[in-house]
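Structural description and commentary
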Amino acid sequence: MLLRPPSKFEVFGSVRFYDVCEVVSLSSMGVRGSSDVFGLDRDSLVDMASKTAIVVPVKNEDLWVFEGVVRAVPLASPLIVVSASSREPVDVYSHEVEVVKLISRLSGRRAIIVHQRDKAWVDVLAKAGLGDLLDGGNVRYGKGEGMILGVLIASWLGARYVGFIDSDNYVPGAVVEYAMAYYTGLAMLNSRYSMVRISWPYKGKLPTDDMIFRRKGRVSIHTNSILNAALSSIRRVETDIVKTANSGEHAMSLDLALKIPWAGGFAVETEELVAVLEQCYVDVEFKGEPCPMAPEGVRILQVETRNPHIHAEKGSEHLARMAAESLGVIYHSSLASNDLKVRIRATLIENYHYEEEPPQPRIYTLNHVDPGKIVSEYLSLSEMAMDIGY
Ligand code: GDP
Ligand code: CO
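What you see is a predicted model; the values in this text were computed from it and never measured. (Residues numbered from 1 in each chain as written. Chains lettered and ligands numbered in written order. Predicted model: local features only at pLDDT ≥ 70, side-chain atom pairs only at ≥ 80, totals over all residues. Heavy atoms only, no water.)

Observations regarding the packing of aromatic side chains
According to the stated counting rule, one finds five aromatic pairs in the structure shown. On the basis of an interplanar angle of 65° and a centroid distance of 6.1 Å, the ring pair of F164 and W262 is categorised as edge-to-face. One end of the pair, F164, is in strand β8 (residues 161–164); the other, W262, is in strand β12 (residues 262–263), and 98 residues separate them in sequence. Take F164 and W262: they sit in the same class, and that class is buried. If you follow K341 out to its NZ or CZ, it ends over the ring of Y331, 5.2 Å from the centre. (Phe/Tyr/Trp six-rings, centres within 6.5 Å; stacked < 30°, edge-to-face > 60°. Helix = DSSP H or I, 4+ residues; strand = E, 2+ residues; numbered from the N terminus. Buried < 20%, exposed > 50% of the residue type's maximum accessible area, 1.4 Å probe, protein only. Lys NZ or Arg CZ within 6 Å of the ring centre and 35° of its normal.)

Written out as structure tokens, the structure reads:
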């Protein structure tokens, strides 16, 4: 892939937020291109891919769609599937294990699949000081919670980077493109605390009978504009730099992943940005606190990919919950003024008939844990997890 480096970035304390960058060529096959673009030669591409673990969270998605995603994740990257799928009446998880096993054995790739509700996590996480992840007998349901398990496994594998790709992607070619954007973007940033987030040219939802290609996701349009409004009023300079507040497709360095606070459920993607902006901008400028990612600071790159992002239609209740959880992150953060809180509640009522105060996110921190120890203990106890091809 060839990327055109963004011509503009904005600075918030020690966060460098780059504008959306363009994919000049989808598959450069090791050709470096002109001096105005950034691309990796073949060896560097394979090297970046092998250092990047790809985490796929899944909860009862169409098996055929999940399989397309598994087949699309580039072979050089270790694949980590974190499933919260049902075990009864149909054992969906066992089908997912079989897909991962089959494809991994055929292709010879390293793959790990674990279940989020596996009892083997319970004592291990409690002992490691991550008891908040549990809801009594199991790890809580929630996309964020699943992603945290993925981060721990990626770290145990020794990965330098971790990328996330949703399992309800109908276009396997889009999955390949996201992975290429992660490898190329992270290499271009070449920085200890770095993140690449995908922005979509068009977003669609199946079923196809009324399919339209939307320029913006239905929730992200609001999250982006609220986050931009917050930044504009704090800095007193208007900005529209944030275009990927809800992007499920994103990647970051493990150094960053283990330092930032994580949120549960659908608050997770918004929290990544809000936490970094709180810790390395607002708290630094207004409270004199040090940014935990200093002196390097955080670099955030946004890449606009070319494949349409088409994923499963989950109904308006799902959208309302997502919007509330996501906007709740901003609402309960130090970025929100009273005016902004009023605006968030108005947005939720107007667009989602959501009348309550948005929920406070559940926050987890990983900086005190030893992921290697947690995951090796978990794998030795688990009867559900599979580690294929090591
Ligand atoms: P949307 O794309 O933002 O509307 O959200 P989705 O409902 O599609 O969820 C994004 C991804 O996370 C999909 O691949 C889901 O299967 C997966 N997912 C949702 N909830 C959970 C969960 O509780 N645990 C795990 N491991 N994955 C989840
Ligand atoms: Co989806």
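Some thoughts on unusual backbone geometry
Here the residue pair E88 and P89 is connected by a cis peptide bond, since its omega of 0° sits within 30 degrees of zero. Structurally, P89 is set in the loop between β6 (79–83) and α3 (92–107). Notably, M29 is not glycine yet its phi reads approximately 50°, a positive angle. With respect to the element layout, M29 can be found in the loop between β3 (15–25) and β4 (38–39). Given a relative accessible area of 57%, M29 falls into the exposed group. Although it is not a glycine, R236 adopts a positive phi angle of roughly 60°. Tracing the backbone shows R236 in the loop between α7 (220–235) and β11 (250–253).

Brief notes about the state of the cysteines
Tallying each qualifying case throughout the model produces one disulfide. Across a sulfur-sulfur distance of 2.1 Å, C280 and C291 are joined as a disulfide pair. A torsion of 60° about the S-S bond marks the disulfide between C280 and C291 as right-handed. Taken together, the positions of C280 in helix α9 (residues 268–287) and C291 in the loop between α9 and β13 (298–304) put the pair 11 residues apart, joining distant regions of the chain. By relative accessible area, C280 is classed as buried at 0%. Take C291: its relative accessible area is 7%, and that puts it in the buried class. (Disulfide = S-S within 2.5 Å.)

Thoughts on the packing of helix α5 (residues 143–156) against α9
The relative placement of two packed helices is expressed as an angle between their axes plus a distance between the axes. It is at 9 Å that the axes of α5 and α9 come closest, and there the two elements cross at 70°. As judged from the angle between their axes, α5 and α9 are roughly perpendicular. Contacts from K143, G144 and M147 in α5 reach V268, E269 and E272 in α9. (Axes fitted to C-alpha atoms, helices over the stretch in contact; angles between N-to-C directions. Parallel < 35°, antiparallel > 145°, perpendicular 65-115°, else oblique. Contact = heavy atoms within 4.5 Å.)

Shape is all these values report; function is a separate question.
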